[in-house]
Amino acid sequence: MWPQLRSVCSGSRTICRRGAALSKPPKLTANANVSHFTQSAALCAPTSSALQYRQHGDPSQVVKLEDIDLPPIGAKDVLVKILAAPINPSDINMIQGTYAILPDLPAVGGNEGVAQVLEVGSLVKSLKTGDWVIPRDAGLGMWRTEAVFSEDDVISLPNDIPLLSAATLGVNPCTAFRMLSDFEDLKPGDTVIQNAANSGVGQAVIQIAASRGVNTINVVRDRPEFTQLSDRLKAIGATHVIKEEALRRPEFKELLKRFPKPKLALNGVGGKSATELLRHLQIGGSMVTYGGMAKQPVTVPVSALIFKDVKVRGFWVTQWKRDHSKDERAVRAMVDELCSLIQQRKLTAPACTEVGLRDFSKALESSMKPFTSAKQVLII
């Protein structure tokens, strides 16, 4: 297929690309007709516009918008049009070279996003033209206009869910889902306490917990717009929203008398914030660390270990996905349940700012600012 496509576009590849691939796509609906994309891709898609970096460093300096060649579509591959892709902290860390896993350079940024299938290889069985898909694992590079992926590298979603919900499904909601499911047997009426409650993971924790009848105590850093933030988190299901300094005040003990002490604590900050969460766990409870925004170690009081027998664990959703790469049922069940919550309007996308691909510099800069509650999403 691809040799013929290349001969059609030879001599005018740049003109074709800018006329077809960079034009604004029509709004997609559940029954969206993909023929517009299929024709433009079939005639003029030997290259893809991508946000690529050739060395590690400051994202604003090393990420460039470039045209890169697309490989031929193999028998078990799919050609996809990327629809939307967020900028997550892990994306920034990868570009900086500080993340636990790093792709070979040069690399296309973006570990998360949603794409639409334009064409499938002859042996592809699980996907068809028009399907929406998200990456199964990190490192695919979603900050681009088109891509050729292996069938096994993606998983399908219903295309009747909101675009932003689909684009932000693969990392934060999956992290929240697993932490609420795998470490403690939470029942309706139980309590979870978490810091970084306004983060993407924190907002997903609030909504998934609320759907299960689980109370949440949500800790955020003090800020000028605290009241507005508190109201927004309560609107999506938060039981209580408090400032970090409130954890050390007597009135917090009074708050805990209204329902059971937390069985599970979720730590995305580290440092003193994590220690405060530990202090309020019930006997035998668990603290799960999934992030370290404070860049400070987690200090565990000896008394918490001896007298309360707390469990201190860590979680990384990328590792979970890799450990379950052969367990299609576990991955499918998680994605299906999350999509069902979205369809029931019990799980919404975090606050997002939509940015065009060509405005990526502004989006990268905004994503690295402190006290940022809105996730930057590249609309491609």
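Residues numbered from 1 in each chain as written. Predicted model: local features only at pLDDT ≥ 70, side-chain atom pairs only at ≥ 80, totals over all residues. Heavy atoms only, no water.

### Observations regarding the sheet that holds strand E1 (residues 47-53)
The condition that has to hold: Paired strands, in this sense, are two strands between which DSSP finds at least two bridges. Secondary structure follows DSSP: runs of H or I at least 4 residues long count as helices, runs of E at least 2 residues long count as strands, and numbering of each begins at the N terminus.
Read across the sheet, three strands follow the order E2-E1-E4 without closing on themselves; strand pairing throughout is antiparallel. Taken across any chain shown, the strands that pair with only one partner, and hence form the sheet edges, are strand E2 (63-69) and strand E4 (107-108). As judged from the seven bridges shared by E1 and E2, these two strands associate in the antiparallel manner. By the bridge assignment, Ser-48 is partnered in E2 with Ile-68.

### Comments concerning the pairing of strand E14 (residues 311-314)
Threshold: When the strands point away from the viewer, a crossover counts as right-handed if the path from the first strand over the helix to the second runs clockwise.
Pairing of strand E13 (residues 286-289) with E14 involves four bridges; the strand directions are parallel. Looking at the pairing, Met-287 lines up with Val-312 of E14. Regarding the hand of the β-α-β motif, the stretch spanning E13, helix H12 (residues 302-307) and E14 is right-handed.

### Some details on the sheet that holds strand E9 (residues 191-194)
Basically, it comes down to this: Between the N-to-C directions of two axes lies an angle of 0 to 180 degrees, each axis being a line fitted to C-alpha atoms and, for a helix, fitted only over the stretch in contact. Should any heavy atoms of two residues lie within 4.5 Å, those residues are counted as being in contact.
Read from one edge of the open sheet, six strands run E11-E10-E9-E12-E13-E14, paired in parallel fashion. Since the sheet does not close on itself, it has two edges, and those belong to strand E11 (240-243) and E14, each with one partner. Adjacent strand axes in the sheet meet at a mean angle of 20°, parallel and antiparallel pairs treated alike. Note that strand E12 (residues 264-267) and E13 share four bridges and pair parallel. Across the sheet, the residue bridging to Leu-266 is Val-288, located in E13. Most of the contacts of helix H11 (residues 271-279) go to E12, to which it runs at about 175°, and overall it touches E9, strand E10 (215-220), E12, E13 and E14.

### Description of the confidence of the model for the chain
Quick note on the threshold: A residue's pLDDT is the confidence the predictor assigns to it, expressed on a 0 to 100 scale.
Of all residues in the chain, 87% have pLDDT values of 70 or greater, and the mean over the chain is 87. Within the chain, E12 carries the highest mean pLDDT (98), whereas helix H2 (residues 13-20) carries the lowest (35). Every residue in residues 1-45 is under pLDDT 50, and counting partners more than four places away or in other chains gives 64 contacts.

### Examining unusual backbone geometry
Working note: non-glycine residues mostly have negative phi, and peptide bonds are mostly trans. Cis rather than trans, the peptide bond between Leu-105 and Pro-106 has omega equal to -5°. Not every positive phi belongs to a glycine, and Ala-196 is a case in point at roughly 50°. Even without being a glycine, Asp-309 presents a positive backbone phi close to 50°. With respect to the secondary-structure elements, Asp-309 resides in the loop between H12 and E14.

### A short note on the side chain of Ser-48
For clarity, the cut-off: In protein, a polar contact means a hydrogen-donor-capable atom and an acceptor-capable atom, both N or O and within 3.5 Å, with residues adjacent in sequence counting only if both atoms are side-chain atoms; elsewhere, any N or O pair within 3.5 Å suffices.
By secondary structure assignment, the location of Ser-48 is in strand E1. A distance of 2.8 Å separates the side chain of Ser-48 from the backbone oxygen of Glu-146, its partner in a polar contact.

### A few points about the packing of helix H7 (residues 172-182) against helix H14 (residues 328-343)
Describing two packed helices takes the angle between their axes plus the distance from one axis to the other. Basically, it comes down to this: Angles below 35 degrees are treated as roughly parallel, those above 145 as roughly antiparallel, those between 65 and 115 as roughly perpendicular, and all remaining angles as oblique. Throughout this entry, Asp, Glu, Lys and Arg are counted as charged residues, while Ala, Val, Leu, Ile, Met, Phe, Trp, Tyr, Cys and Pro are counted as nonpolar. The remaining residues, Gly among them, count as polar.
For the pair H7 and H14, the least separation of the axes is 11 Å and the interaxial angle reads 110°. Judged by the angle between their axes, H7 and H14 are roughly perpendicular. Touching Pro-173, Cys-174, Phe-177 and Arg-178 of H7 are Met-334, Glu-337 and Leu-338, all from H14. Of the residues belonging to the contact of H7 with H14, the class tally is five nonpolar, no polar and two charged.

### What to know about the nonpolar core
Stated precisely, the cut-off is as follows: Nonpolar cores are built from buried Ala, Val, Leu, Ile, Met, Phe, Trp, Tyr and Cys residues. Side-chain atoms within 4.5 Å join them into one set. Here's how the labels work: a residue is buried when its accessible area is under 20% of the maximum for its type, exposed when over 50%, partly exposed in between, all with a 1.4 Å probe on protein chains only.
Counting residues in hydrophobic clusters, the biggest one holds 40 residues, and the most contacted among them are Val-114, Leu-157, Leu-169, Leu-180, Leu-264, Leu-266 and Leu-338. The leading source of residues in this core is H14, at seven residues. Counting 36 residues, the second largest nonpolar core, distinct from the first, contains Ile-92, Leu-127, Leu-357 and Ala-363.

### Concerning the environment of Phe-315
Within the secondary structure, Phe-315 is located in the loop between E14 and helix H13 (317-323). With a relative accessible area of 12%, Phe-315 lands in the buried category. Once the C-alpha coordinates of Phe-315 and Tyr-290 are considered, the two residues, 25 residues apart in sequence, prove to be 5.1 Å apart.

### Let's talk about the pattern of salt bridges
Stated formally: Salt bridge, as used here, is a side-chain nitrogen of Lys or Arg placed within 4 Å of a carboxyl oxygen of Asp or Glu.
Enumeration over the complete set of coordinates arrives at 14 salt bridges. Among the ionic pairs, Asp-185 bridges to Lys-187, the shortest N-O distance being 2.5 Å. Assessed through its relative accessible area of 51%, Asp-185 is described here as exposed. Classification of Lys-187 as partly exposed rests on a relative accessible area of 44%. With a shortest N-O distance of 3.9 Å, Arg-248 and Glu-276 are connected by a salt bridge. In this pair, Arg-248 is assigned in the loop between E11 and helix H10 (250-256) and Glu-276 in helix H11, connecting sequence segments 28 residues apart. You can call Glu-276 buried: its relative accessible area is 10%. Where salt bridges share partners, they join Arg-248, Glu-276 and Arg-279 into one cluster.

### Structural notes on the pairing of strand E8 (residues 154-157)
Neither face of E8 is open: one carries Val-154 and Ser-156, the other Ile-155 and Leu-157, and all of them are buried. Bridge count between strand E6 (residues 132-135) and E8: four bridges; the pairing is antiparallel. Note on E8: the bridge partner recorded for Ile-134 is Ile-155.

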